[in-house]
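Each chain, written out:
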Amino acid sequence: MFYFRENELSQLRQFYEGSGKACAIFGRRRVGKTELVLQSIKELDHSIYFQTSSFDYSEVLEDFKQTIKPIVSSKEILDSLNSFRTVFAYLNETLEQNSIIVIDEFPFLARKNEGIPAEFQWIIDHSLDRMKLVLLGSSTSFMKSQISDSSQPLYGRFDEILKILPFRFEELCRLFPDYADAMNVYAMTGGVAQYVMYFKEYESPSEAADHLFFSRNGRLFSEAGNLLMQEFRDISSYTSILRTLGSGEKEASAIAAKSGINSKIINIYLSKLEQLGIVSPVLNIFSSRRNRIRYRISDLFYRFHYSFIEPNVSMITQIGKKSRPYILDHAYEEYLGFVYEDITRNSLYQLALDDVLPFMPKQIGKWWGNIRKNDAWMESEIDIAASNGNNVLLGECKYRNRKAGLQELDNLRLKSEFAAPKGSKIIFLIASDGGFTKELLDYEQSDLILLAKGKPVRHH
């Protein structure tokens, strides 16, 4: 089944009908790029889809020539051509106007053939008078460099660029109407299309997890490590960093110490993981200190894997699905709390568009620091902090069965005295999966937003 890509389909159809020559599509593996393109060309008369399956130039070229043979006028001429450049030059003379050529996994070929980007630069510049070329890539680092690095041959050559993202949580709620089911699927897959479809095959998320993760033969048991190996030659340091982040460390210095990596180069590793969308910095938006940045695994599939699967490979290998209750235990509920924070934080822009939040945030992050409570200083943090000039939002997220009440609001107000800049106009937000007490619902001040399961119960 094909879900939720209406905007991307519309962009591709506009490209096919427009004057542009080349389109680049990229995104992490299993996110649905291939299915999107196949959907976009399935009703077109003059289109060819080709997937690269080898590093070897000659082998890939021969496979490509076999794929296009049904649409060329002279197979003898095609057989005599020995480069992509000459093949595309020939196609440019013979194909129907506005034919579509799709090459999937383009980085697979380019990785071992340094001249490929320059060759395709020439093709785009000189051989696309009658054709449109679509290049797909799952190697995010390669595709990003070709698109955004001005020193690369393909820079500036694409008329359309699409980055395909995982499904949003709101979309998963349409596939899994039970909110708890949607939370569990999102927490384990991060909305990656293929993984979500795996979960649709089972009666419940827990049954799916048993088969997919908590089995040595599970389709997702080794997936995260395999994906890393397609991006890096040596994944040992990256694995150590991700396990350290999965265990709860956030500061770069602590990550370096626990993962055994020199603190002078830890930021290089973190930066590479950030470029791939696996790790992201979290900003302490009201702090000017050097330690105002923490790190987290932002790709929830990796976060779940390196929090629960990677540290427990031996147990899973030995006893399979019987290991799940021992591995998840209470730690999984805490993990869901962090996911709930992410979902709420990601909803702020839409809340502003819907006038639930009275300003559009320009900065979104967290706050951490010291507060004074009961005549003593203690460390504290606020789950969500956002600002736009003097407008500030401070929010707490509670993913639990019991209702949130006035105590949560009082604690948030206390923290705000130490977090928000002086003179700020503060809006408080409490997101609670378990709902709210009558006292909090009856609270009469207009500076409070309450969200239950992502929906506003009351707002300013």
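Presented here is an overview of the structure given in this document.

Conventions and cut-offs
- Residues numbered from 1 in each chain as written.
- Predicted model: local features only at pLDDT ≥ 70, side-chain atom pairs only at ≥ 80, totals over all residues.
- Heavy atoms only, no water.
- Helix = DSSP H or I, 4+ residues; strand = E, 2+ residues; numbered from the N terminus.
- Contact = heavy atoms within 4.5 Å.
- Lys, Arg positive; Asp, Glu negative; His and termini not counted.
- Charge placed at Lys NZ, Arg CZ, Asp CG, Glu CD.
- Core = buried A, V, L, I, M, F, W, Y, C linked by side-chain atoms within 4.5 Å.
- Buried < 20%, exposed > 50% of the residue type's maximum accessible area, 1.4 Å probe, protein only.
- Salt bridge = Lys/Arg side-chain N within 4 Å of Asp/Glu carboxyl O.
- Pairing = 2+ DSSP bridges.
- Axes fitted to C-alpha atoms, helices over the stretch in contact; angles between N-to-C directions.
- Right-handed = clockwise from strand over helix to strand, strands pointing away.
- Expected span 1.5 Å × (residues − 1).
- Arc of directions from axis to C-beta.
- Parallel < 35°, antiparallel > 145°, perpendicular 65-115°, else oblique.
- Nonpolar A, V, L, I, M, F, W, Y, C, P; charged D, E, K, R; others polar.
- Polar contact = N/O pair within 3.5 Å; in protein donor to acceptor, adjacent residues only side chain to side chain.
- Left-handed = near helix turned anticlockwise from the far one by under 90°.

1. Points about the overall build of the protein chain
No. 1: Helices and strands together make up the secondary structure of the protein chain, namely 23 helices and 13 strands.
No. 2: Dimensions along the principal axes, computed over C-alpha positions, put the protein chain at roughly 85 × 50 × 50 Å.
No. 3: In the protein chain, of all internal contacts separated by at least 6 residues, the share reaching a separation of at least 24 is 63%.
No. 4: If the 56 positive side-chain charges of the protein chain are averaged to one point and the 59 negative ones to another, these points end up 5 Å apart.

2. Describing the nonpolar core
No. 1: If you look at the biggest cluster of nonpolar residues, it comprises 79 residues, and the most contacted ones within it are Phe 213, Leu 242, Tyr 302 and Phe 304.
No. 2: Excluding residues within four positions of it along the chain, Phe 213 makes contact with Met 188, Phe 199, Ala 208, Leu 220, Phe 221, Phe 301, Phe 304, Ile 309 and Ile 316.
No. 3: Of all hydrophobic cores here, the second largest spans 37 residues; its members include Leu 61, Ile 68, Ile 116 and Met 131.

3. Section: the pattern of salt bridges
No. 1: Enumeration over the complete set of coordinates arrives at 24 salt bridges.
No. 2: One salt bridge connects Glu 251 with Arg 294, and the closest N-O pair in it is separated by 3.1 Å. Remark: Arg 294 occurs in strand β7 (residues 293-297) and Glu 251 occurs in the loop between α14 (236-246) and α15 (252-259); sequence separation between them is 43 residues.
No. 3: Within the structure, one salt-bridge network assembled from shared partners comprises Glu 251, Arg 294, Arg 296, Arg 303, Glu 341, Asp 342, Arg 345, Lys 366 and Glu 381.

4. Examining the pairing of strand β3 (residues 99-104)
Looking down a regular strand, the side chains alternate between one sheet face and the other.
No. 1: Among the six residues in β3, six count as buried, and that is most of the element.
No. 2: A two-sided burial pattern is seen for β3, the buried positions comprising Ser 99, Ile 101 and Ile 103 on one face and Ile 100, Val 102 and Asp 104 on the other.
No. 3: Sheet topology places strand β2 (residues 47-51) next to β3; five bridges connect them, and they run parallel. Paired with Gln 51 across the bridge in β3 is Asp 104.
No. 4: In terms of strand pairing, β3 meets strand β4 (residues 131-137) through five bridges, oriented parallel. By the bridge assignment, Ile 101 is partnered in β4 with Leu 133.

5. Considerations on the sheet that holds strand β1 (residues 22-26)
No. 1: The strand order β2-β3-β4-β1-β5 describes an open sheet built from five strands, whose pairing is parallel. The outermost strands of the open sheet, each flanked by one partner alone, are β2 and β5 (160-163). With direction set aside, neighbouring strand axes in the sheet form an average angle of 15 degrees.
No. 2: Pairing geometry for β1 and β4, over five bridges, is parallel. Across the sheet, residue Cys 23 finds its bridge partner in β4, namely Val 134.
No. 3: Helix α8 (residues 140-148) rests against β1, β4 and β5 of the sheet, and its axis sits at about 145 degrees to β1.

6. Here we look at the pairing of strand β10 (residues 391-398)
No. 1: Of all eight residues in β10, six are buried, a share of seventy percent or more.
No. 2: By the bridge criterion, five bridges tie strand β9 (residues 376-388) to β10 in an arrangement that is antiparallel. Note on β10: the bridge partner recorded for Ala 386 is Leu 393.
No. 3: Of the strand pairs in this sheet, β10 and strand β11 (residues 425-432) are connected by eight bridges, and their pairing is parallel. The partner of Gly 395 across the bridge, within β11, is Leu 429.
No. 4: This β-α-β element, β10 to helix α22 (residues 406-419) to β11, shows right-handed connectivity.

7. Things to note about α22
No. 1: With 14 residues, α22 extends 20 Å between its outermost C-alpha atoms, agreeing within 8% with the 20 Å of an ideal straight helix rising 1.5 Å per residue.
No. 2: Listing the buried residues of α22 in full gives Glu 408, Leu 409, Leu 412, Lys 415, Ser 416 and Ala 419. Across the axial projection of α22, the buried residues extend over an arc of 125 degrees, all falling on one side. Facing away from the buried side of α22 by more than 90 degrees, the exposed set consists of Gln 407 and Glu 417.
No. 3: On its buried face, α22 is in contact with β8 (363-373), β9, β10, β11, α23 (438-441) and β12 (448-452).

8. A word on the packing of α15 against helix α16 (residues 266-275)
No. 1: Closest axis-to-axis distance for the α15/α16 pair is 10 Å, and the angle between their directions is 100 degrees. Considering the angle they form, α15 stands roughly perpendicular to α16. Together, Ala 252, Ile 255, Ala 256 and Ser 259 of α15 and Ile 266, Asn 267 and Leu 270 of α16 make up the contact between the two elements.
No. 2: Its residues placed into classes, the contact of α15 with α16 shows five nonpolar, two polar and no charged.

9. Some details on the environment of Arg 5
No. 1: Considering the arrangement of structural elements, one finds Arg 5 in the segment before α1 (6-17).
No. 2: A C-alpha to C-alpha distance of 28 Å links Arg 5 and Ile 68, two positions 63 residues apart in sequence.

10. Here we look at the side chain of Arg 5
No. 1: Overall, Arg 5 belongs to the buried group, its relative accessible area being 5%.
No. 2: Engagement of the side chain of Arg 5 in a polar contact is seen with the backbone oxygen of Val 31, the distance being 2.9 Å.
No. 3: Setting aside residues up to four positions removed in sequence, Arg 5 forms contacts with Val 31, Leu 36, Ile 164, Leu 165, Pro 166 and Phe 167.

11. Considering the packing of helix α10 (residues 179-189) against helix α11 (residues 193-200)
No. 1: Relative orientation of the contacting elements α10 and α11 amounts to 135 degrees, with a least axis distance of 10 Å. Compared by their axis directions, α10 and α11 come out oblique. Taken as a pair, α10 and α11 cross one another with a handedness that is right-handed. Along its contact with α10, which presents Val 185, Met 188 and Thr 189, the element α11 presents Tyr 195, Val 196 and Phe 199.
No. 2: A per-class count over the contact of α10 with α11 returns five nonpolar, one polar and no charged.

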